[in-house]
Every structure is written in C-alpha cells, then in structure tokens.
Amino acid sequence: MKGDDTSIEELLLQVGARDEPSAEMTLEVQAAVHAEWQSMLRARRTRRQFIAVGIAASAVLAVGVAFFGARYMAPSPVQVAQITRIDGHLLVRPQGQTARELAVAQSVSTGETIQTDDRSRAALQFGDQVSLRLDQGTIVKVASADELVLTAGALYIDSQAQNPQALTVRTDAGSVRHVGTQYEVRTHADDMVVSVREGRVMIANAAGTSSGVAGEEIRVTPRGEIVRGTVAAHDPRWQWAASTAPQFDINDHTLAVFLEWVARETGRKVVYASSAAQSAANGLKLRGSIVGLDPDTALNAVLSTTQLHRYQTKDELIGIALTSD
Amino acid sequence: MLIDDSPELRAALEAVEAPASDDPLQGYGNAETRRLIQSVLDRLPARYGDVLEWKYIEGRSVEEIGELLGIGQVAAQSVLARARTSFREALETVFGSTAQDILGTLRGK
C-alpha cells in the first residue's frame, strides 16, 4: 500500500496542479466531451472508443485554442465594467491619455487604469456576475475583459457561485483566479495578500500554482514564498467591502432576499427561529429605500418596519424571529 | 464514495475505456497523458481531486486537510484513503494501467 501511495504522489507531482478553467470554457469542454461520450456509447465498443477519446481531447484543445485566441486577438477597447458606487473620487486614465474623473453609471473599458485616492472607495459591476470593489489608494488596470492588473491598494471580488465569470487579478508577486467566490487581493509592499471569504481561488506565482479556500489568508512574496493564515468570513477586515457595496433596491424584493443580500455582504448566514418566521420573511414584499445605509444599518432599519426582529446569535449568524415568538 | 457507488461516473469512465490491446499510454504524448490524468481528478466524486492535490502536490498535512474540509483528522485520513482508492480505480479504468505504470511511461518518454 505504501508503494502505491508513493507512486500516486510521484504521479501527481509529475502531472502538476489542475489549471482552473473559466466556467464558460468548462461548460464547453464538458459539452464537447459529453457529446463524444454519447457518440461513443452508441458506437461499438471497440477501437473506435480509443480514437474518440483522442477526438474528445482534441475538442478540449480546440476549445482552449479558441478561448485563448479570442482573448489575445481583441486589441480594441471594449466596455467591460460599469461604475455602481463612488465614495469620494474615482479617476480613470485611458491608455496614453490624461486622467479624468468618473461618475456613477459611466463605463470602464479595456486598456484603462482606474484609481482611488487615500480617502475614496468605489464599486464596479464587472460583466454580468462580478461585483468589484476598490479600497482606498488602489490603482488597477483593466488589461482585458477577464484580467486586472493591481499595482497598489486592494480589490474585493464578489462573484456569484453559480456559473462564475472568469477573472484573473495580477500583481508583481503573482496572480489569482477564482471559481465563484468572494475574496480580496491586496498589495503590501512587494507582497500579494489574498484573503478568501467564500469559495476557492487559484494562485500562480514564480514557484508554481496553489489553491486557497474559504477562511484562508495567503501571503505571496515575489520570491515565491507562501505563508498561510486564517480569516473568518465575518472578520472586521471585510467591513470596507461591505460599506462599498452597490446600493440594493429593496422595492418589490421579499424580506428573505434582502436578508440573503445582507448575509452575503457581511459574511454571515441567516437562520430563522421558526418556520413561521421564515414563511413571513418569504412572503413579505419590501418598499422604500436604504440608500446611503451600510448593510447592517439597513438591516436594522428594514426589520424595524416588520413583525420580525433579530435575536442574539453567534457572530457568524443573523438570527431572525417573529416578534411574537 | 467509490466509483462503483456512482453509476454515472462508472458509465462515463467505461465509455472512455480502451481495449487493452490498444495500450492507450503508447498512443498519448506526455502532455496529453497529464491532461487526461487531470481530467480524471476533475471527475472524481466529492472533493477527492482537491484532497489529492492538497496532500501530494501542495504537501499539506492530514490535519490541514481536515481543517479545509471542516472535519476531524481521523475523518480526513479516511477521506484521503478513499480518494486514493478512487483515483487508482479511475486510472485503471481509463488507462488500463496502474499509477506505477503510468508514471514509468511518463518518465520513459
């Protein structure tokens, strides 16, 4: 058994860590391979099966070539993000041009560099599924539709877990890719510090590839050293990202949907004291506005207008009960 | 969970199974073999692929793996053992060879 373990270890070291493909590419590859499998199952189970595996592998390669070809063959600026919130000032510097100030609802294109000063933060909707937040003193270039280059400050990325959109953040110390997650990339001197709040990220640097999972803080030095620590999803260090969250329009949303938004922004989970409380939250449609309120303040404001309230729980939970419970 | 516990996985892997006479390893280049092995890792049940990567590529301890999975050290050791078994089965199904043989082929090319 020990010998088998050794051979597995040596084999995996030869093969190396898996590269995390984009969700789009994954779906295409799975579709291609699945189609081949279906085709093969219908055929006689002879040599053709082996040939078809080759075809499937070729399909994977073809999709990969198409993916990376498309990525590097689009030099014209493309609008990839829209400003959803600015607390202070946000500057944009198109390639080869002078900087100008951006306003909410304006767009950012590939090739542009955006930056916040030491007293400003901003949020952008990057593509359909990624909420991008810039902390104070951040400089980031939108290199392409799926690549950001961070030279100062910190980014917070919130990508929905289902069908995640590919996005790579590069720094001098390495690069980070996610698989449907919430995480922060911060430059600190020459180091890159990646904090994972939810999901999983892949980190690449001069020394190779490694992964980071929820609850981990990974410091990567330019020399390739990696030091791992921990960070809870509700740790106060995420507060800046929650306070920069795009405004949530509560109108016509149920209380339950609003609670899930608050939970995601604050790294906690919603628990109900009773099924009656949960039913009430699911059935209650909200009206009004929480503009200007951070998620926790908005939560208290909204609950005060309902028959539900928060009850005492652990820090990582939001406990909701009926006032009559 | 082992491969035999999952009819879908078994069917998928059997679908790419080649006759022994074809000796798949001889037909693949190293890069393609590596990619197919990574594909096998992707298709292992639960988080076995992750567990194997954490242990053998990233060099994490069983205790660390347990923390990542939110389980105890004994349970993590058990998951790792099942992951190894599942991976060995999958390799033999797809390549018709043991990990040792595949390793030898990779080194020999």
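The residue numbers shown here count from 1 along each chain, following its written sequence. Throughout, the order in which chains and ligands are written sets their labels, letters from A for the former and numbers from 1 for the latter. The model is predicted, so local features are restricted to residues of pLDDT at least 70 and side-chain atom pairs to those at 80 or more, both for listing and for counting; the totals for chains, interfaces and linings are taken over all residues.

With respect to the overall build of chain A
Runs of E in the DSSP output that reach at least two residues are strands. Runs of H or I that reach at least four are helices, and both are numbered from the N terminus. Of regular secondary structure, chain A possesses seven helices and 21 strands. Taking all 325 residues of chain A together, the buried fraction comes to 34%. The contact criterion used here is simple: two residues whose C-beta atoms, placed from the backbone, lie within 7 Å are in contact. Taking as baseline every contact in chain A between residues at least 6 positions apart, the subset at least 24 positions apart corresponds to 49%. Here a residue counts as buried when 20 or more other C-beta atoms sit within 10 Å of its C-beta, as exposed when there are 12 or fewer, and as partly exposed otherwise, the C-beta atoms being derived from the backbone.

Quick word on helix H6 (residues 73-95) of chain B
When the terminal C-alpha atoms of H6(B) are compared, their 32 Å separation across 23 residues agrees well with the 33 Å that a helix rising 1.5 Å per residue should span. Residue Gly96(B) follows H6(B) closely and has a positive phi angle near 70 degrees. Working rule for helices: expected span equals 1.5 Å times residues minus one.

Overview of the sheet that holds strand E3 (residues 100-101) of chain A
Two strands pair if DSSP finds at least two bridges between them. If you trace the nine strands from one edge of the open sheet to the other, you get E3-E2-E5-E8-E9-E11-E12-E15-E16 (chain A), paired in mixed fashion. Looking at the sheet topology across the chains shown, the edges are occupied by E3 and strand E16 (208-213) of chain A.

Some words on the sheet that holds strand E10 (residues 154-159) of chain A
Residues and elements named next belong to chain A. Taken in spatial order, the nine strands line up as E4-E1-E6-E7-E10-E13-E14-E17-E18 in an open sheet, and their pairing is antiparallel. Edge positions in the open sheet fall to strand E4 (107-109) and strand E18 (226-230), since each of these has one partner strand only. Each strand axis lies, on average, 20 degrees off the axis of its neighbour in the sheet, ignoring direction. Lines fitted to C-alpha atoms define the axes here, with helix axes fitted over just the stretch in contact, and angles between the N-to-C directions of these axes take values from 0 to 180 degrees.

Focus on the nonpolar core
For our purposes the nonpolar core covers buried Ala, Val, Leu, Ile, Met, Phe, Trp, Tyr and Cys residues that link as a set through C-beta atoms within 7 Å. Of all hydrophobic cores here, the largest spans 40 residues; its most connected members are Leu124(A), Leu132(A), Leu155(A), Val185(A) and Val194(A). Residues contacting Leu155(A), with those up to four places away along its chain left out, are Leu132(A), Arg133(A), Leu134(A), Thr138(A), Val140(A), Leu148(A), Leu150(A), Val169(A), Glu184(A) and Val185(A). One finds Ile37(B), Trp54(B), Ile65(B) and Ala76(B) within the second-largest nonpolar core, a separate group that totals 27 residues.

Remarks on the environment of Ser195(A)
Residues and elements named next belong to chain A. For Ser195, the position within the fold is in strand E14 (residues 191-198). Sequence separation of Ser195 and Val231 is 36 residues, and the distance between their C-alpha atoms is 7.1 Å. Residues in contact with Ser195, not counting those within four places in the same chain, are Tyr183, Glu184, Glu217 and Val231.

Describing the packing of helix H5 (residues 255-266) of chain A against helix H7 (residues 295-303) of chain A
Residue and element names in this part refer to chain A. Running from N to C, H5 and H7 cross one another at 155 degrees; their axes reach a closest spacing of 9 Å. Classified by the angle their axes make, H5 and H7 are roughly antiparallel. Relative to H7, the crossing made by H5 is left-handed. Along the contact surface, H5 presents Phe258, Val262, Glu265 and Thr266, while H7 presents Pro295, Asp296, Ala298, Leu299 and Val302. Taken together, the residues that form the contact of H5 with H7 break down as six nonpolar, one polar and two charged. Every angle not falling under 35 degrees, over 145, or within 65 to 115 is termed oblique; those three ranges are roughly parallel, roughly antiparallel and roughly perpendicular. Two helices cross in a left-handed way if the nearer one is turned anticlockwise from the farther one by less than a right angle. They cross in a right-handed way if the turn is clockwise. Any residue that is not Ala, Val, Leu, Ile, Met, Phe, Trp, Tyr, Cys, Pro, Asp, Glu, Lys or Arg is counted as polar, Gly included; the first ten are nonpolar and the last four charged.

Some thoughts on the confidence of the model for chain A
Residue and element names in this part refer to chain A. Confidence scores labelled pLDDT are given residue by residue by the predictor and lie between 0 and 100. Scored by pLDDT, chain A has a mean of 80; 79% of the residues are at 70 or more. Counting interchain partners and residues more than four positions distant, the pLDDT-below-50 stretch residues 21-53 has 44 contacts. Note on residues 61-74: pLDDT is under 50 here. Beyond four places in sequence and across chains, it has seven contacts.

Considerations on unusual backbone geometry
Apart from glycine, the bulk of residues carry a negative phi angle, and the bulk of peptide bonds sit in the trans form. Residues and elements named next belong to chain A. Phi at Ala105 is positive, roughly 85 degrees, even though this residue is not glycine. Structurally, Ala105 is set in the loop between E3 and E4. Even without being glycine, Asp252 reaches a positive phi, approximately 70 degrees. Along the polypeptide, Asp252 turns up in the loop between helix H4 (239-243) and H5. Since 9 C-beta atoms lie within 10 Å of it, Asp252 is described here as exposed.

Some words on the pairing of strand E17 (residues 216-220) of chain A
In the case of a regular strand, side chains alternate between the two sheet surfaces. Residue and element names in this part refer to chain A. Residues Glu216, Ile218 and Val220 of E17 are buried on one face, while the alternating residues Glu217 and Arg219, pointing to the opposite face, are not. Here E14 runs beside E17; their pairing, made up of four bridges, is antiparallel. Each residue of the ladder has a partner; that of Ser195, found in E17, is Glu217. Pairing of E17 with E18 involves five bridges; the strand directions are antiparallel. Looking across to E18, one finds that Glu217 is bridged to Gly229. A loop of five residues connects E17 with E18, the two strands running antiparallel in sequence, and Gly224 in this loop sits at a positive phi of about 95 degrees.

Concerning the packing of helix H5 (residues 62-69) of chain B against H6(B)
Packed helices, taken two at a time, are described by the angle between their axes plus the distance between the axes. Residues and elements named next belong to chain B. For the pair H5 and H6, interaxial distance at closest approach is 8 Å and the crossing angle is 95 degrees. Relative to H6, the element H5 is oriented roughly perpendicular. In contact with Val62, Glu63, Ile65, Gly66 and Leu69 of H5, H6 contributes Gln73, Ala75, Ala76, Gln77, Val79 and Leu80. Looking at side-chain class alone, the contact of H5 with H6 contains seven nonpolar, three polar and one charged residues.

A few points about helix H4 (residues 48-57) of chain B
All names here are of chain B. Most of H4 sits inside the fold, with nine of its 10 residues counted as buried. Along H4, the positions that sit buried rather than exposed are Tyr48, Gly49, Asp50, Val51, Leu52, Glu53, Trp54, Lys55 and Tyr56. Count one or two residues on from H4 and you reach Gly59, which has phi positive near 70 degrees.

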